[in-house]
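# Report on the structure
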Amino acid sequence: MEETPKVSIIVPIYNVEPYLRQCLDSLVNQTYKNIEIICVDDGSVDVSGTILDEYAKVDNRIIAMHIVNNGVSSARNTALAIASGQYIMFVDGDDWIEPDTCEISISGAEKNNADVVMWSYVREFDGRSLPKKISLCQSVFCGEECRDLHRHMFGLIGNENADALSTVWGKLYRNSIICEKRIAFSDLNRIGTYEDGLFNIEYFLHVQKVVYIDKYLNHYRKNTGMTSKYRPKLSEQW
């Protein structure tokens, strides 16, 4: 029997104690079983690291790493360096995914020989959920059509919205492209923000086929403090 492709799920973790169990539960309970879950505790000062170690003891698919705090880019790069899967998926430690996310995305990648599979998500606020649909006119993009998606990450025309396209969560990547082209996340101490967008700008340069799945598979938690941090040097860094 042919072995199914492995998915490396990369999870940066920093002070997400109230949300981490929901995140990890959504990963270990995936219907697709050939996964490794590489979790990098980026110097958390709450009990996130303890929770991570607790899960790693009971599920050998979880690789628990603890590093000195240096930002989400450093945490993701640390995980990428040891990822052994044919495909890469990113999930933030305060978010979660639907139980069939890996199964659906792998199916889309394998059937279409796609370099990227992406999908829509749900914004999770306190007490309410708001679906966020990626506004795309088709489900498969080839060749020059991929170049147009790439262009979205540099600038928008008219009413275009690049938010869902620029994130690294909500996507499945081919690991061979990341390795061969040496694609990594930029140091946040240098750029301040938009590390996801810069990663995608590099990656989509080499993409020949993209598949979009019209399903809400990611749950993106808003207003947790992780996306609203004030950065006084940001304008200068940009």
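All values reported here derive from a predicted model rather than from experimental measurement.

This next bit is on the side chain of Ser8. Looking at the element boundaries, Ser8 is found in strand β1 (residues 7–13). Filtering out sequence-adjacent residues up to four positions away, Ser8 remains in contact with Glu36, Ile38, Ala83, Ser84, Gly85, Tyr87, Ile88 and Met89.

The way to describe two aromatic rings as a pair is by their centre distance and the angle between their planes. Per the counting criterion, the structure on display carries 11 aromatic pairs. Ring geometry for Tyr173 versus Tyr203: centroids 4.9 Å apart, planes at 85°, classification edge-to-face. Taken together, the positions of Tyr173 in strand β9 (residues 171–174) and Tyr203 in helix α9 (residues 195–204) put the pair 30 residues apart, joining distant regions of the chain. In this pair, the class of Tyr173 matches that of Tyr203, namely buried. Geometrically, the ring pair formed by Phe199 and Tyr203 is stacked, given 6.5 Å between the ring centres and 5° between the ring planes. Within this pair, Phe199 and its partner Tyr203 are both found in helix α9, separated by 4 residues, close to a single helical turn. By relative accessible area, Phe199 is classed as buried at 0%. On the accessibility criterion, Tyr203 (0% relative accessible area) is buried.

A word on the environment of Asn223. Counting through the fold element by element, Asn223 comes out in the loop between β10 (209–221) and α10 (234–237). On the accessibility criterion, Asn223 (58% relative accessible area) is exposed. Distance in space between the C-alpha atoms of Asn223 and Phe125 is 6.8 Å, their sequence separation being 98 residues.

Moving on: the nonpolar core. Counting 35 residues, the largest nonpolar core has Phe90, Phe199, Tyr203 and Val210 as its most contacted members. Element by element, the count of residues in this core is highest for α9, at 4 residues. When neighbours within four sequence positions are excluded, Val210 is seen to be in contact with Val116, Met118, Ser139, Val140, Phe141, Cys146, Leu149 and Phe204. Formed by 33 residues, the second largest nonpolar core is a distinct cluster that contains Leu27, Met89, Ile97 and Trp119.

Take unusual backbone geometry next. Notably, Asn15 is not glycine yet its phi reads approximately 50°, a positive angle. Topologically, Asn15 is positioned in the loop between β1 and α1 (20–28). Asn15 sits in the partly exposed class, given a relative accessible area of 27%. Even without being glycine, Asn113 reaches a positive phi, approximately 50°. Residue class for Asn113 comes out exposed when judged on its relative accessible area of 56%.

Here we take up the pairing of β10. Pairing between strand β5 (residues 96–97) and β10: 2 bridges, direction antiparallel. Each bridged residue has a counterpart across the sheet, and for Trp96 the counterpart in β10 is His219. Both strand β6 (residues 116–125) and β10 contribute to a ladder of 9 bridges, which runs parallel. Within β10, the residue paired with Glu124 across the bridge is Arg221. Sheet topology places strand β8 (residues 140–142) next to β10; 3 bridges connect them, and they run antiparallel. Bridge pairing in β10 links Val140 to Val211.

Rules of the game
- Residues numbered from 1 in each chain as written.
- Predicted model: local features only at pLDDT ≥ 70, side-chain atom pairs only at ≥ 80, totals over all residues.
- Heavy atoms only, no water.
- Helix = DSSP H or I, 4+ residues; strand = E, 2+ residues; numbered from the N terminus.
- Contact = heavy atoms within 4.5 Å.
- Phe/Tyr/Trp six-rings, centres within 6.5 Å; stacked < 30°, edge-to-face > 60°.
- Buried < 20%, exposed > 50% of the residue type's maximum accessible area, 1.4 Å probe, protein only.
- Core = buried A, V, L, I, M, F, W, Y, C linked by side-chain atoms within 4.5 Å.
- Pairing = 2+ DSSP bridges.

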